[in-house]
Amino acid sequence: MDLLRSHLHKVRIPEPTNRIHKDECCVSFDTPRSDGGLYVDMNSFLGFGREHVEWNFEKTGNPVYLHIVQRRKPEPDEADRPLKKPTLLAIGVEGGFDDREPEYDVTYEIIILPDFISLPFPSVDLPEKVRLAVDKVILAESADRKQQLAAWVADKKNISAYAMDLQQLDNGVTVPPTGWKCSKCDKTENLWLNLTDGMILCGRKLWDGSGGNNHAIEHYEQTKYPLAVKLGTITADLEAADVFSYPEDDSVEDPLLAQHLSHFGIDFSSLQKTEMTTAERELDANTNYDWNRIQESGKDAELLFGPGYTGLANLGNSCYMASIMQVMFSTHPFILRYFEKQSLKAAFATAPADPTLDLNMQMTKLGHGLLSGKYSAPTKEGQEGIRPRMFKSVIAANHSEFSSMRQQDALDFFLHLIDRVEQANPGNHELNPCSGFKFIIEERVQCPSGKVSYNKRSDYILSLSIPLHEATNKEQLEAFNEKKAAMDLDGKELSNEEIVRPRVPLEACLASFSGPEEIPDFYSTALNSKTTATKTAGFNTFPDYLVLHMRKFVMEAGWVPKKLDVYIDVPDTIDISHMRSKGVQPGEELLPGGASGDNKAEPGPVASEDIVSQLASMGFNYLHCQKAAINTSNTGVEEAMNWLLSHMDDPDINDPISKDSRASEQSVDEASVQTLISFGFPEDVAIKALKASGGNIEKATDWIFSNPEASSSASADSSTSNVNADDAIPDGSGRYKLMAFVSHMGTSTHCGHYVAHVLKDGRWAIFNDSKIAASVDLPKDMGYLYFFQRISD
């Protein structure tokens, strides 16, 4: 007790703003439930496992710790208790997904290092400051709990800006209580009542082709009548009714809904619910997808344990992150960087005061957690896995989507991970494990004059369109379509086993990338006019790891988005040596003055050709695609598409991206420029970034990191490049073997589920969150992202 009193100056009473890490060690995945329990530093409030707490004492000299130990209580037999189907898009709340955990007995004691002297808690003999500090730590909400809320509920609906002054026509329309049907087709489900004129019309066509025929939204586009309510969701509980605002493009609240319904003779008090709301439909979709094949459900699979076979527990829609990280930590650069050549102690020694906020520390922690085998222990459910909460918090910091509990696109996360790791290892090629994924694409553009221009750009993924006309099973498809049409006429449905999907060889997808592509409205400096040019592309370098992204989301006629239901025949090895670019050839004449025709002017924001080509392949106007990419700072295809769909009617949408139009955006806030300069960015790059991101400093910073080429000026001739000469970009053979793939189940990349399959120790394993098993029926043809490793010469 005297020793404790001598250390009272090292004990702090936590303030409400302090982050208290009492759920997990900051350098490992030890918890109060681990064998040694958890030690909370009573000065910094960081948590440490038994093996690591001495490192903290050596580094900080902080001697006083709260030791927390949790031991599992015996469970009552719940085997016969039926599982309730969730009725709410939430985790851990009444009606939501069940996240009940076993109950634990908790014990506390005070520990004084370095000799691990123990004092009981609670105890009246303890100094008052210690008692008060420990009580506050125990009662405080932990940092993990604050950052990763266990309950995720869909965002609360806002009151519509159109509800209070809604126009309602006196057109004599009376809506009957039953027997509804779309006014423009035969749909009797997913019907929406327009609250201005009383028209009953069907809803949008969904990603999977279900839903309505878009008649309700077409009616809004013609009339601009803003609000509609979904018939079948109206009951005495009006708050549960599904009201949608077309101009606000969101589900909303209508405080005057009772009045608006009565205008059309609707007595809501007597109506019964017959349809799911939008949120309920989303919930139902997320719980009822037929994911059996990709997850290898029902297969008698051998569960795998040990080093490299540690699961990642789902934190709530975090499977996109788990699948990517399992693949990344199966590659040699990530294994070397964060496991074999980086010890936990060394990472902690070089980490800042709060290692929970250090990406290098948390990547090392995750690498050791996955690869050491320490946490890959069998349980009756399979394995518990590790919960990468601190890693998710760090990697998603300041990112509005990845820091949320919503499902995300695994491709977007992969690119975000690359960006963050590169930022954490600036200019240090040996410490950057992402350099092995980087490659250079060379694009060749030829105009009708015969003159050419060359441009090089670096990338980390090769995004491939899927040419359905190259399907190898066309006869079976024709027979299937005839059978389906006949069954549709009879009102019958096909079973899953009867469905025939197109089979497209991966070689055809690769050929579609390297094949010639027309560029409309290309301004030729040789002809001094717009024309149609031809573009081809090839690899200037081949990466150590080649990542292929399959573009399964396309636009159908009428701008209806659809996910392709297609199989990709992917071989175990590929050779893309023939896709290497050749550069400027003898006898070729370069376009004068560059492709733009005005190299002397300061270049404005440049559209990502990858984003533009993906949008153009969906049928959008090429110029509109360029504007969409520029106005969304080249952040991604989906962001650009959303911008494009909401700006189709802009009066200047068809204006060229000219020097004059850029001049109108010339003015940027000088204070913002100086802020970016203070971050260490050059002034010209800061100005470019602010123009590209509408003056927003945070987006401008992201733009700079996403466009490393912005810091190097473009070449003055027609062979331009955005590749930094100092980049350490690997090159070698174009022969690769498939080492992993990530598959997606669901109708959108932002819902559904992701799993990874990885080739390890000579066999394929499935990584499905915390479940890891030997693959029995490898669904290699259903991948979304394919990872290939170079075959050594």
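Keep in mind that this is a model prediction, so the values were computed, not measured.

A.B. asks: Can you explain the overall build of the protein chain? Please cite residues and give values.
C.D. replies: Broken down by element type, the protein chain carries 23 helices and 30 strands. Each of the 793 residues in the protein chain was classed as buried or not, and the buried ones make up 49%. Carbon and sulfur atoms provide 50% of the accessible area of the protein chain, an area that totals close to 37700 Å².

A.B. asks: So, the confidence of the model for the protein chain: which residues are in play, and what are the values?
C.D. replies: Mean pLDDT for the protein chain: 82, with 79% of residues reaching 70 or above. Low pLDDT, under 50, characterises residues 285-291; the stretch is placed with 16 contacts to residues that sit more than four places away or in other chains. Across residues 659-666, confidence stays below pLDDT 50; counting only partners more than four residues off in sequence or on other chains, it has eleven contacts.

A.B. asks: Residues and numbers for the UniProt feature "active site" (unreviewed entry) in the protein chain, please.
C.D. replies: Here, UniProt's "active site" (unreviewed entry) annotation points to C319 and H753. Across 435 residues in sequence, these annotated residues keep their C-alpha atoms within 6.5 Å of one another, forming a single compact spot. Take C319: it is sitting in helix α9 (residues 319-328). The exposure class assigned to C319 is buried, which follows from its relative accessible area of 1%. The contact partners of C319, leaving out residues within four places of it in the chain, are N314, Q407, H753, Y754 and D769. Residue placement: H753 occurs in strand β27 (residues 753-760). Using a relative accessible area of 8% as the deciding quantity, one classes H753 as buried. A polar contact is formed between the side chain of H753 and the side chain of N768, at a distance of 2.8 Å.

A.B. asks: Give a description of helix α18 (residues 622-631) that names residues and reports values.
C.D. replies: With eight of ten residues buried, α18 is to be regarded as a mostly interior element. For α18, the full list of buried residues reads Y622, L623, H624, C625, K627, A628, A629 and I630.

A.B. asks: Could you give me a rundown of the sheet that holds strand β10 (residues 243-245), with the residues and numbers involved?
C.D. replies: Read from one edge of the open sheet, six strands run β6-β11-β10-β9-β7-β8, paired in mixed fashion. Each of the sheet's edge strands pairs with one partner strand only, and the pair in question is β6 (158-159) and β8 (200-202). Looking at chain direction, β6 and strand β11 (residues 250-253) are connected through two bridges and run parallel. Among the inter-strand pairings, N158 is bridged to a residue of β11, identified as V252. With respect to the sheet, helix α5 (residues 215-223) is in contact with β7 (191-194) and β8, its orientation differing from that of β8 by roughly 120 degrees.

A.B. asks: Explain the environment of G436 residue by residue, including any values.
C.D. replies: Mapped onto the elements, G436 comes out in the loop between α14 (410-424) and β14 (439-446). Exposure remark for G436: the relative accessible area of 5% places this residue in the buried category. In the structure, G436 is positioned 294 residues away from P730 in sequence and 6.3 Å away in space, judged by C-alpha atoms. Once residues within four sequence positions are removed from consideration, G436 is found in contact with P543, D544, Y545 and P730.

A.B. asks: So what about the nonpolar core? Which residues, and what values?
C.D. replies: Core analysis: the biggest nonpolar cluster contains 55 residues, and I324, M325, M363, F414 and F787 have the highest contact counts within it. A per-element tally of this core places α9 first, with eight residues. Once residues within four sequence positions are removed from consideration, F414 is found in contact with I324, M328, F437, Y460, I461, V547 and F787.

A.B. asks: Quick rundown of the packing of aromatic side chains? Include the residues and the values.
C.D. replies: By the definition in use, this model includes 21 aromatic pairs. Arranged with centres 5.8 Å apart and planes meeting at 85 degrees, the rings of F329 and F334 form a pair that is edge-to-face. Taking 5.8 Å as the distance between ring centres and 85 degrees as the angle between the ring planes, the aromatic pair formed by F414 and F787 counts as edge-to-face. One end of the pair, F414, is in helix α14; the other, F787, is in strand β30 (residues 783-790), and 373 residues separate them in sequence. The pair formed by F414 and F787 is uniform in burial state, with each residue classed as buried. Ring pairs connect the aromatic residues F329, F334, Y338, F414, F437, Y545 and F787, which therefore count as one cluster. Looking at R33, its charged tip hangs above the ring of Y104, at a distance of 3.9 Å from the centre. One cation-aromatic arrangement involves K365 over F29; the distance from NZ or CZ to the ring centre is 4.8 Å.

So, how was this worked out
- Residues numbered from 1 in each chain as written.
- Predicted model: local features only at pLDDT ≥ 70, side-chain atom pairs only at ≥ 80, totals over all residues.
- Heavy atoms only, no water.
- Helix = DSSP H or I, 4+ residues; strand = E, 2+ residues; numbered from the N terminus.
- Buried < 20%, exposed > 50% of the residue type's maximum accessible area, 1.4 Å probe, protein only.
- Areas by Shrake-Rupley, 256 points an atom, 1.4 Å probe, with all protein chains shown as cover.
- pLDDT = per-residue confidence, 0-100.
- Contact = heavy atoms within 4.5 Å.
- UniProt positions renumbered as here; feature names shortened; annotations may be inferred.
- Polar contact = N/O pair within 3.5 Å; in protein donor to acceptor, adjacent residues only side chain to side chain.
- Pairing = 2+ DSSP bridges.
- Axes fitted to C-alpha atoms, helices over the stretch in contact; angles between N-to-C directions.
- Core = buried A, V, L, I, M, F, W, Y, C linked by side-chain atoms within 4.5 Å.
- Phe/Tyr/Trp six-rings, centres within 6.5 Å; stacked < 30°, edge-to-face > 60°.
- Lys NZ or Arg CZ within 6 Å of the ring centre and 35° of its normal.

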